[in-house]
Amino acid sequence: MSSEIKKTDLLVVGGGAAGLSAAAEAAAYGASVIVLDSDLHLGGQLVKQTHKFFGSKDEHAGTRGFKIADILMQEIEDNKANIKLFTNTTAVGYYKNDSMVTVMHGEDEYYKIQPKKMIMATGAQEKMLPFPNNDLPGVCGAGAVQTLMNVYGVIPGKRVLMIGAGNIGLIVSYQLMQAGVDVAAVAEFLPNVGGYWVHAAKIRRLGVPILLRHTIKAALGTDYVESAVVQDVDTGECENIECDIICMAVGLTPTNEILWQAGCDMRYVPQLCGHVPLRDPKLRTSNPDVWVAGDAAGIEEASSAMVEGRIAGLAAAESLGLNINKDKFDVYHARLDDLRRAGEKIRCGLAQVMIDDWRDQ
Amino acid sequence: MLQLIKEHPILRFSQGKLVKFSFDGKDMEGFEDEPIAMALHANGVRTYRITPAMKRPRGFFCAIGKCSSCFMVVDGVPNVRTCVMPLKEGMKVETQTGKGSIPMDAEG
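Right, let's walk through the structure included here. (Residues numbered from 1 in each chain as written. Chains lettered and ligands numbered in written order. Predicted model: local features only at pLDDT ≥ 70, side-chain atom pairs only at ≥ 80, totals over all residues.)

**What to know about the environment of His214(A)**
All names here are of chain A. Basically, it comes down to this: Note on conventions: DSSP H or I runs of at least 4 residues are helices, E runs of at least 2 residues are strands, and numbering of each starts at the N terminus. For every residue, the other C-beta atoms within 10 Å of its own C-beta are counted; 20 or more classify it as buried, 12 or fewer as exposed, and values in between as partly exposed. C-beta atoms are placed from the backbone. Placing C-beta atoms from the backbone, we regard two residues as in contact once those atoms come within 7 Å.
Positionally, His214 belongs in strand β12 (residues 214-220). Given 24 C-beta atoms within a 10 Å radius, His214 is considered buried. Along the primary structure His214 and Ala185 are separated by 29 residues, whereas in three dimensions their C-alpha atoms are 11 Å apart. Setting aside anything within four residues of it in sequence, one finds His214 in contact with Ala187, Glu188, Val230, Gln231, Asp232 and Val233.

If you want it as C-alpha cells, here you go:
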C-alpha cells in the first residue's frame with residue numbers, strides 16, 4: 001500500500017457512458033475529477049457497439065456506439081486540465097468516517113483517494129443461468145464475446161448458440177455475423193422477442209432461427225463446449241445444437257458493491273434488475289456525498305446513462321459550491337422523460353426508489 | 001497462427017506491437033498491453049485453470065475481472081485475472097491448478 005493519498009473534488013467510479021458524461025460535466029464547471037475504470041480502456045460498453053443508437057439526437061442517435069465513446073473522450077480531452085483518468089484501477093473499499101477510497105491498480109498496487117464527492121457509475125454485470133456444465137470453457141457472457149471480437153479483433157469461435165433474445169442477445173448475434181462467425185440459433189425462454197424488433201429482423205433476414213419458448217438444458221463436451229441441449233419448455237422436446245461457444249445474454253444486474261460499502265440505502269427492485277440505491281431527482285443517494293448514475297442506478301440503456309451522468313455531474317459540482325447553470329437540470333430531466341416515455345417498466349421501477357427531497361426523510 | 005478478424009464491415013482494429021510470451025512452456029505471440037486472456041484465445045487456448053475440488057477446466061467467461069474463471073499463474077504469481085492483465089514481452093503464463101501458492105520470495 002502506497003502512503004500517498006490523492007485528493008480530488010470528485011471521484012467518479014466507472015469510465016463508461018455515465019461516468020465519462022459525469023466527469024465531463026463536473027470538470028466543465030471547474031471541479032477537479034478523478035475517473036477510475038477497472039478495464040484497460042475507457043468508454044465501457046459503448047466501445048463494443050457497432051450499431052447506430054436510437055433515442056434522441058441529444059444523445060447522438062444515429063451514431064454508432066463506439067463513435068459516441070470517441071465523442072465523449074474528446075469532451076474529456078477538452079477538459080483535461082481538470083480530469084485525471086486511471087484505467088486498470090478498481091475501487092475496492094470505501095471508508096465512510098474519513099471518506100477514503102482504497103483502489104487497486106493492476107493486481108498488486110494499492111493506494112488511497114480522498115474525494116470530497118463521489119459518483120458511482122459502476123455499470124452492470126451479467127446474470128447467469130444454472131444448467132449442467134455451465135462452467136465449461138466455451139460458455140461465456142455476451143459482454144465477454146463482444147470484448148473479444150469488437151475491442152481486440154479476436155475470433156471468438158466457429159459456431160455460437162445465443163441464449164436470450166433481449167437487445168444484447170440480438171445485437172451480439174448480429175455482431176458475431178459481422179465478425180464472420182456462424183450463429184446457430186438464438187434461444188429465448190419467453191414467448192416473444194424482448195429486444196427491439198429492428199435488431200431481431202436483422203438476424204432473421206440472415207437466416208438465424210429465434211427459438212421462442214426454448215431454453216438451454218445442458219452444455220456438452222469434455223474439455224470444451226462441443227454442443228448444447230436446447231429444450232422446448234412447452235413440449236419438453238430436446239434438440240442437440242452443435243456449437244463451440246454458448247453465449248449467455250440473460251440479463252444484467254447493477255454492480256453495486258461500492259454503493260453498499262458507502263452505506264447507501266438500497267432496495268431490491270425487479271424492474272431495475274437488482275439492488276439499487278434510493279436517490280433524489282438529482283441522483284443523490286442517502287449518503288450526501290454520493291451520487292449514482294447509469295446502469296448502477298438500474299438497468300436501462302446507454303442514452304439514459306449519459307443523461308444521468310450529466311445530472312449527477314452537475315449536482316456534484318453544485319454541491320462543491322461551483323457556479324453551475326441550474327437551468328441545465330430541467331433540460332436533462334426533460335431528455336430523460338423523453339427517453340423513458342415508452343419505458344413503462346423503468347418508470348415503474350424508478351417510482352419505487354425516487355425520494356423527492358432527502359431533507360424530508 | 002492467431003485467430004483474428006481479418007475483415008470487418010464497421011470496425012478497424014489497431015493492434016499494437018507483437019510480443020513473445022510462453023504458455024505452459026510453449027512459445028506464443030500476442031499484442032503488447034492487450035489482456036493476456038485475449039492473446040490466449042487468439043492462440044486457441046481454451047482452458048485457463050483447473051478448479052481445486054472438482055478438477056474441472058475453466059476458461060474465458062466475463063472478461064471484466066469479476067468472475068475468477070480466468071485466474072492463471074503469471075510470472076509465478078497465482079490468481080492473476082488474465083482478462084484484465086496487460087500482456088508484456090517475455091511473460092511466463094501457466095495453467096493454474098488448484099488454488100495456487102504464493103511465491104516465497106514475494107515482496108511486500
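There is more to say after this.
**Quick word on the nonpolar core**
Residue and element names in this part refer to chain A. For clarity, the cut-off: What we call a nonpolar core is a set of buried Ala, Val, Leu, Ile, Met, Phe, Trp, Tyr and Cys residues whose membership is set by joining through C-beta atoms within 7 Å. Those domain boundaries reflect an automatic or database domain assignment.
Counting residues in each nonpolar core, the largest one holds 142 residues, and the members touching the most others are Ala23, Ile119, Leu161, Ile246, Cys247 and Ala293. Sorting elements by how many residues they give to this core places helix α7 (residues 302-319) first, with 10 residues. The residue makeup of this core includes at least three contributed by each of domain 1 (5-125 + 252-360) and domain 2 (128-248).

**Notes on the pairing of strand β3 (residues 83-86) of chain A**
All names here are of chain A. Let me state the cut-off plainly: Two strands pair if DSSP finds at least two bridges between them. Consider the strands pointing away from the viewer: the crossover is right-handed when the path from the first strand over the helix to the second runs clockwise.
Direction of pairing for strand β2 (residues 33-36) relative to β3: parallel, over a ladder of four bridges. For Val33, the partnering residue across the bridge sits in β3 and is Ile83. The parallel pair β2 and β3 is bridged by helix α2 (residues 65-78), and the resulting crossover is right-handed.

**Points about the packing of helix α1 (residues 17-28) of chain A against α7(A)**
Residues and elements named next belong to chain A. To keep it simple, the criterion reads: Lines fitted to C-alpha atoms define the axes here, with helix axes fitted over just the stretch in contact, and angles between the N-to-C directions of these axes take values from 0 to 180 degrees. Crossing handedness is defined as follows: a turn of the near helix away from the far one that is anticlockwise and smaller than a right angle gives a left-handed crossing, while the clockwise case is right-handed. For this scheme, ten residues count as nonpolar: Ala, Val, Leu, Ile, Met, Phe, Trp, Tyr, Cys and Pro. Four count as charged, namely Asp, Glu, Lys and Arg, and the remainder, Gly too, count as polar.
Packing of α1 against α7 leaves a shortest axis separation of 7 Å and a crossing angle of 35°. Note that α1 runs across α7; the crossing there is right-handed. Across the interface between the two elements, Ala17, Ala18, Gly19, Leu20, Ser21, Ala22, Ala23, Glu25 and Ala26 of α1 pack against Ala302, Ala305, Met306, Glu308, Gly309, Arg310, Ala312, Gly313, Leu314, Ala316 and Ala317 of α7. Taken together, the residues of the contact of α1 with α7 sort by class into 13 nonpolar, four polar and three charged.

Keep in mind these numbers describe shape, not what the thing actually does.
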